[in-house]
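In case you want the letters, here they are:
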Amino acid sequence: MRSFRRELSFHIPSRRAFVNITPQVQACLDESGIREGLLLVNAMHITASVFINDDESGLHRDYDRWLETLAPHEPVEQYEHNRTGEDNADAHLKRQVMGREVVIAVTAGKLDFGPWEQIFYGEFDGRRKKRVLVKVIGE
Amino acid sequence: MRSFRRELSFHIPSRRAFVNITPQVQACLDESGIREGLLLVNAMHITASVFINDDESGLHRDYDRWLETLAPHEPVEQYEHNRTGEDNADAHLKRQVMGREVVIAVTAGKLDFGPWEQIFYGEFDGRRKKRVLVKVIGE
Amino acid sequence: MRSFRRELSFHIPSRRAFVNITPQVQACLDESGIREGLLLVNAMHITASVFINDDESGLHRDYDRWLETLAPHEPVEQYEHNRTGEDNADAHLKRQVMGREVVIAVTAGKLDFGPWEQIFYGEFDGRRKKRVLVKVIGE
């Protein structure tokens, strides 16, 4: 069994954004040389997500609006977590809806995807450096 | 390390449904011959889910009603994604709540489950052919 | 390839609670002797979660209040599932938001975590014995 590890770095200038990281993840897989196995991609921070969905900008604005409805940023005083001096409690909630990680099958050296699957980094508390972990195991 | 890959196909006649796919996934595992490892089951489409919960029809109707409350199908104009000619933006949202994939421990050739765990395919935009991927790695 | 399996047991005296299980999961990993691979932690019951977030008690109270807003326990009659004699339909819904499982990279014998990542058992229908599965594969 072989394994491969790589970190991706992000510094999103806005509070929230969705970034397509599929090419970077495929590049990690290429570099690993692993042909059959499983690939894990996870946010290393607890106010961010990694998820798989469609690369369509209208949908991303729908996600953003919807998550604001489910877990609004303001008023920040509505969250106990923000009494610690943070203002990002909503980001911890939004990340649970969108998920921390994806696990992807590796087949014949490729991300084994359906026709529209793309991997996204979801930032909910940006304007600082954040990291995503890519780990591949297989042969 | 060994690996095994299989696709399951679905053509759900309604827009939304939940289908118990546990027997089909166990059949894949049997065919793989893998006794110890990890098994990934994921929707290959971004308006569908694979998740683990209870095989109880009342609960499934509760899920359906609840997801409609969180992300209603109508009015379809409320979603920017639907300006692309689609009417399935709600399905992309519902799928994030229910999840894309499950990873299951394989122990002694079986799905290593608690007493009530069953695997479901969750369709949120049916009436077309869709696929689920089963990938097993181990020994 | 090596594999390791262990169950953790919980008997939460209240209906709902969040328990930091990171030390127990790291102890499983230590015992496994696996240095590179993937580690799965999943709830074996369908009214409980395993998730990764922050060990901050205010945030946990925010999660609890938020989940009650999204899927209230009462009135129990609002859920068809509860006509089976159960009163825990809301727990099945809450668990979908928070997730069943996490998959964690194992690197140099450690849980490969960002600075604030901690693993939690989320109980939504306690006052009974429940189990969590830890499965590690690698080398």
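Up top you'll find the structure we're talking about.
The sections below set out a description of the structure shown in this document. Small disclaimer: the values here were computed from a predicted structure and weren't measured.

**Quick look at the sheet that holds strand 5 (residues 101-107) of chain B**
All names here are of chain B.
Okay, so step 1: What the five strands build is an open sheet, ordered 1-8-3-5-6; its pairing is antiparallel. What marks the edges here is a single partner per strand, and that holds for strand 1 (2-11) and strand 6 (110-111).
Okay, so step 2: Sheet topology note: the strand 5/strand 6 ladder contains two bridges and is antiparallel. Each residue of the ladder has a partner; that of V106, found in strand 6, is L111.
Okay, so step 3: Contacts from helix 1 (residues 22-32) reach strand 1, strand 3 (37-43), strand 5, strand 6 and strand 8 (129-138), with the element oriented near 150° to strand 1.

**Remarks on the interface of chain A and chain C**
Note: interface size is frequently given as the accessible area lost on complex formation between the parts.
Okay, so step 1: If you look at the interface, chain A gives 30 residues, while chain C gives 35 residues.
Okay, so step 2: Interface area, chain A with chain C, both sides summed: about 2,600 Å², of which 57% is carbon and sulfur.
Okay, so step 3: Contact with chain C buries area across many residues of chain A, yet M1, E80 and Q96 of chain A alone supply 24% of it, more than any other trio.
Okay, so step 4: In this structure, the connection of chain A to chain C is made through five salt bridges.
Okay, so step 5: Between E117 of chain C and R100 of chain A there is a salt bridge, with its nearest N and O atoms 2.7 Å apart.
Okay, so step 6: Joining chain A to chain C, the criterion identifies 20 residue pairs in polar contact (both at pLDDT 80 or more).
Okay, so step 7: Elements that contribute at least two residues to the side of chain A that touches chain C include exactly strand 1 (2-11), strand 3 (37-43), helix 3 (89-98), strand 5 (101-107) and strand 8 (129-138) of chain A.
Okay, so step 8: If you tally residues by element for the side of chain A that touches chain C, the top one is helix 3 of chain A, at six residues.
Okay, so step 9: A class-by-class count of the residues in the side of chain A that touches chain C yields 15 nonpolar, eight polar and seven charged.

**Things to note about helix 2 (residues 57-70) of chain B**
Okay, so step 1: When the terminal C-alpha atoms of helix 2 of chain B are compared, their 20 Å separation across 14 residues agrees well with the 20 Å that a helix rising 1.5 Å per residue should span.
Okay, so step 2: Put simply, E56 of chain B is the residue that caps the front of helix 2 of chain B, since its side-chain oxygen is 3.0 Å from the backbone nitrogen of G58 of chain B.

Basis of the calculations
Residues numbered from 1 in each chain as written. Chains lettered and ligands numbered in written order. Predicted model: local features only at pLDDT ≥ 70, side-chain atom pairs only at ≥ 80, totals over all residues. Heavy atoms only, no water. Pairing = 2+ DSSP bridges. Helix = DSSP H or I, 4+ residues; strand = E, 2+ residues; numbered from the N terminus. Contact = heavy atoms within 4.5 Å. Axes fitted to C-alpha atoms, helices over the stretch in contact; angles between N-to-C directions. Buried area = accessible area lost by both parts, 1.4 Å probe. Salt bridge = Lys/Arg side-chain N within 4 Å of Asp/Glu carboxyl O. Polar contact = N/O pair within 3.5 Å; in protein donor to acceptor, adjacent residues only side chain to side chain. Nonpolar A, V, L, I, M, F, W, Y, C, P; charged D, E, K, R; others polar. Expected span 1.5 Å × (residues − 1).

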